[in-house]
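# Notes for the structure review
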Amino acid sequence: MKTLYLSDLDGTLLCGNQHTSQFTVDAINGLVARGMLFSFATARSEETAVPAVNGLNTSAPPIFYNGAVTGFAHDIAPPVCMRFSGDITALIGKLIKDGIFPTVYSFIDGEEKFSFLRDKCTDGMTEFLETRKHCVRYRPVGTFTELTQGNIFYLLCIDSKDKLGTVYEKYRNVHYCVFQKDMYSGSQWLEIMPKNSTKANAAVMLKKRLNCDELVVFGDGINDIELFKVADRKYAVENAVAELKKIATAVIESNEDDGVARFLLSELKK
């Protein structure tokens, strides 16, 4: 049986310091070298995910932005990028009219960028952007036309829970929306993506693309629930939310205790 193992990063494969432990890196690299088909599915971009898993080898394309992008930019096969149907610029215009100023992720002339109106940032957005101001994707702009350039695949809004909650209810059935607090900053986030941009859809497509018989996943958060529903087996780390544990095949050790790596070591000894 050909099995694809797919792990979430933050709160699952990564420790609280936002990095993989050396134990996890060594264990998974050893298993990959023996033929294990392994990768990760994350809300992060490639640029922020790669340093977090420094030294870790994968043997299948990773999933970024909660399913909006699959595959490394430097792979021989170009990454698969989901696109919004309809007029995404109209949606951005409606958000701005309602006082929500999103950071807009897009490919402009083949390069990934995140654009934002430099004079319209909330405190939470400013804090987020400050951690990424040296990033090659960083693109402050001054006009709506500049903000909406390129092939847009992801919107990030950081604001109050009440304001974003209203937007979430308005668009949750139109687009794929993730409404939750960021686990590190505590800021309220609303992520808006194309309807088919989910970890679940990306994982199913990857399973089919790689001709796998079984999909085994690991997670900790609410945004992993749909991924768990399409997996053949699913394992929640001990620190996972209760909703995820309820639908898990089993609960394994926590992220701080290298739960995923220890499970894989035990699994592949069979």
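The sections below set out a description of the structure shown in this document. From a predicted model like this one, the values you see are computed outputs, not experimental measurements. Chains are numbered independently. Their residues run from 1 in the order of the written sequence. Under the rules for a predicted model, residues below a pLDDT of 70 receive no local features and side-chain atom pairs below 80 are neither given nor counted, while totals for whole chains, interfaces and linings still include all residues. In computing side-chain values, all of the structure's heavy atoms are included and hydrogens and water are not.

## A look at the overall build of the protein chain
Let me state the cut-off plainly: In this text, helices come from DSSP runs of H or I with a minimum length of four residues, and strands from runs of E with a minimum of two, each type numbered from the N-terminal end. For the radius of gyration, the atoms used are the C-alpha atoms, and the globule rule reads 2.2 Å times the number of residues raised to 0.38. Three exposure classes are used, based on accessible area relative to the maximum for each residue type with a 1.4 Å probe and protein chains only: buried under 20%, partly exposed in between, and exposed over 50%. Any two residues whose heavy atoms approach within 4.5 Å are treated as being in contact. Computed by Shrake-Rupley with a 1.4 Å probe, the accessible areas treat only the displayed protein chains as cover when residues are assessed.
When helices and strands are tallied, the protein chain shows eleven helices and 14 strands. In terms of C-alpha radius of gyration, the protein chain reaches 18 Å, essentially the compact-globule figure of 18 Å for 270 residues. C-alpha extents for the protein chain along the principal axes are approximately 60 × 40 × 35 Å. Looking at the 270 residues of the protein chain, the share that counts as buried comes to 56%. Contacts in the protein chain between residues far apart in sequence, at least 24 positions, make up 60% of those at least 6 positions apart. Counting only carbon and sulfur atoms, one obtains 50% of the accessible surface of the protein chain, whose full area is about 12,500 Å².

## Digging into helix 5 (residues 123-130)
The following threshold applies: Within this analysis, the arc is defined by the directions that extend from the helix axis to the C-beta atoms.
Those residues of helix 5 lying buried are Gly124, Met125, Phe128 and Leu129. Buried residues of helix 5 fall within an arc of 130° about the axis and therefore sit on the same side.

## Topic: the packing of helix 2 (residues 22-33) against helix 11 (residues 259-267)
Using the following cut-off: Between N-to-C directions, angles span 0 to 180 degrees; the directions come from axes that are lines fitted to C-alpha atoms, helices contributing only their stretch in contact. Roughly parallel refers to an angle under 35 degrees, roughly antiparallel to one over 145, roughly perpendicular to one between 65 and 115, and oblique to any angle outside these ranges. Note on convention: the crossing is left-handed when the near helix lies turned anticlockwise from the far helix by less than a right angle, right-handed when the turn is clockwise. All residues other than Ala, Val, Leu, Ile, Met, Phe, Trp, Tyr, Cys, Pro, Asp, Glu, Lys and Arg, Gly among them, are scored as polar; the first ten of these are nonpolar and the last four charged.
At a closest axis distance of 9 Å, the pairing of helix 2 and helix 11 adopts a crossing angle of 30°. When the axes of helix 2 and helix 11 are compared, the pair comes out roughly parallel. Note that helix 2 runs across helix 11; the crossing there is left-handed. For the pair helix 2 and helix 11, contact is made by Phe23, Thr24, Ala27, Ile28 and Leu31 and by Ala261, Arg262, Leu264 and Leu265, respectively. When grouped by side-chain class, the residues that make up the contact of helix 2 with helix 11 number seven nonpolar, one polar and one charged.

## Describing the pattern of salt bridges
Short version of the rule: Each salt bridge in this description consists of a side-chain nitrogen of Lys or Arg and a carboxyl oxygen of Asp or Glu lying within 4 Å of one another.
Counting across every chain of the model gives 15 salt bridges. With its nearest N and O atoms 2.8 Å apart, the salt bridge here joins Asp10 to Arg44. Here Asp10 is found in helix 1 (residues 9-13), whereas its partner Arg44 is found in the loop between strand 2 (37-40) and helix 3 (46-52), with 34 residues between them in sequence. Classification of Asp10 as buried rests on a relative accessible area of 15%. Classification of Arg44 as buried rests on a relative accessible area of 14%. A network of salt bridges, in which partner residues are shared, links Asp8, Lys199 and Asp224.

## Remarks on the side chain of Thr42
Here Thr42 shows up in the loop between strand 2 and helix 3. A residue is classified by how much of its surface remains accessible, and Thr42, at 1% relative accessible area, is buried. Other than its neighbours up to four places away in sequence, Thr42 contacts Asp8, Leu9, Asp10, Ala49, Ile63, Phe64, Tyr65, Asn66 and Lys199.

## What about the sheet that holds strand 14 (residues 250-252)?
Our working definition: Only when DSSP finds a minimum of two bridges between them are two strands counted as paired.
Taken in spatial order, the five strands of this open sheet run 2-1-12-13-14, and their pairing is parallel. Of all strands in the sheet, those bounded by a partner on one side alone are strand 2 and strand 14. Within the sheet, the average angular offset between the axes of one strand and its neighbour, ignoring direction, is 25°. Pairing of strand 1 (residues 3-7) with strand 2 involves four bridges; the strand directions are parallel.

## Quick look at the nonpolar core
This is how the line gets drawn: Only buried residues count toward a nonpolar core. Its members are Ala, Val, Leu, Ile, Met, Phe, Trp, Tyr and Cys residues joined through side-chain atoms within 4.5 Å.
Ranked by size, the top nonpolar core spans 68 residues in total, and within it Ile28, Phe38, Phe153, Phe218 and Leu264 carry the most contacts. The element contributing the most residues to this core is helix 2, with five residues. Val141, Cys157, Tyr168 and Leu190 belong to the second largest nonpolar core, which has 20 residues in total.

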